[in-house]
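Coordinates in review
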Amino acid sequence: MPEELALYAATPDNSRGRIYPEAPPSHRTEFQRDRDRIIHSSAFRRLVYKTQVFVNHEGDLYRTRLTHSLEVAQIARTVARAMRLNEDLVEAISLAHDLGHTPFGHAGQDALNKCMKKFGGFEHNLQSLRVVDQLEKCYASFPGLNLTFETREGILKHCSLTNARELGELGKRFVERQQPGLEAQLSNVADEIAYNNHDVDDGLRSGLIKLRDLTDISFFTQQLNAVKRLYPGIDERQRIHEVVRAMIGELVADLINTSQHRIENFAPDSIDAIRDHNKPLISFSNAFLETQKTLKQFLREQLYRHPKVHSMTEKAHEIISVLFETFQSDYECMPPEHAQRAQQACDKSGTAAAARVVSDYIAGMTDRFALQAHEALGKNITTGS
Ligand code: MG
């Protein structure tokens, strides 16, 4: 049996509830219900065909947004259990945190943001919230998934002040510089641990980065030397896996120790005390913050800006902007359901509202679907149909 939750953990009893009130679930907690709704959503299923760094069709071995989200949930749950935080809630947040991502990773998001510049911009965190609040349409009694405030609070990791002001209670913390609950803070850091480490793993596997490139990073070298000492006879694939495993282990241990220490010093007696605190309590030590920074910088320079990844970035920009321009200038180029919504939005509130419908449609695409849609447009243009 899990230990009792900490005083300051989120619980269904201290939850700020759902937008559309519902009877409590019979055999699950409120946060388990959130997690289950996320798993059964169509946006969640599409994550399997969305890029993390590598385009989905480049190989079957690389992380996708779906496997990334599962890794985040795994790390976050481990820490949550060790710290007596709400495991169901961190799992729900972690599985939902990337639902609003466009096809083609960050390149796709930048491109869509550019297209949407004069219509209010595009932010993937805000889009994840739109997905769970509005865009999923499968329940008879409410729009979206009608998740609890705490899950939604965790999904909205960042948000511009302009958008925050329009979000009412959920956006308040950005305006008043407050913190979210510890489960939201934790899922955010688990995201960082997951992508830094799996990008090293995928980068090495793809051959775009080499083991020797990483030897300048002392954190990596320490783990590598320890693995070599412990298992001198293993092959390179196993060695990389053991090093990545050890790095994640070290980061998780530091995160738990540092955060516990900070919480003990602050001695919060409720989740509201956590929210009112002037800084996050879930954090690495300074030494590990530095380590994470070095890893991030290395990946930015060696992997994300690698010519091969970069050429995909350019292609993504091209595809997203062509799709956007085409759909925005003729709604009928989208499937009837989206065309109709865009036309209605335009009639009711103008072109910016219609652009949001176009942006929702593109953001929801998988890598493969976006590539095919782009190709189909090319054919229609060349055949004049
Ligand atoms: Mg993520």
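Residues numbered from 1 in each chain as written. Predicted model: local features only at pLDDT ≥ 70, side-chain atom pairs only at ≥ 80, totals over all residues. Heavy atoms only, no water.

**Comments concerning the coordination of the magnesium ion**
Within the first shell, the magnesium ion binds the protein through His 68 (NE2), His 97 (NE2), Asp 98 (OD) and Asp 191 (OD), at distances of 2.2 to 2.7 Å. Taken in chain order, the donor set of the magnesium ion reads H-x28-H-D-x92-D. Pair noted here: His 97 is in the loop between helix H4 (87-96) and helix H5 (105-115) and Asp 191 is in helix H10 (residues 182-206), with a separation of 94 residues, a long-range link. Judged by its relative accessible area of 8%, Asp 191 falls in the buried class. (Donors = N, O, S within 2.8 Å, 3.2 Å for Na, K, Ca; no water. Helix = DSSP H or I, 4+ residues; strand = E, 2+ residues; numbered from the N terminus. Buried < 20%, exposed > 50% of the residue type's maximum accessible area, 1.4 Å probe, protein only.)

**Details of helix H11 (residues 218-230)**
Along an α-helix, residues three or four apart share an orientation, since each turn contains 3.6 residues. In this model H11 runs 18 Å from its N-terminal to its C-terminal C-alpha over 13 residues, within 8% of the 18 Å that 1.5 Å per residue would give. Among all positions in H11, only Phe 219, Phe 220, Thr 221, Gln 223, Leu 224 and Val 227 are buried. Lining the buried residues of H11 we find H10, helix H12 (236-266) and helix H14 (286-304). (Expected span 1.5 Å × (residues − 1). Contact = heavy atoms within 4.5 Å.)

**Description of the nonpolar core**
Considering soluble globular proteins, one finds that nonpolar side chains tend to be buried as a cluster. Judged by nonpolar contacts, the single largest core of 48 residues is most densely connected at Leu 85, Leu 186 and Phe 220. Within the residue set of this core, elements represented by two or more residues are helix H3 (65-82), H10, H11, H12 and H14. The element contributing the most residues to this core is H12, with nine residues. Residues in contact with Leu 186, not counting those within four places in the same chain, are Ala 76, Val 79, Ala 80, Leu 85, Val 90, Leu 255 and Ile 282. (Core = buried A, V, L, I, M, F, W, Y, C linked by side-chain atoms within 4.5 Å.)

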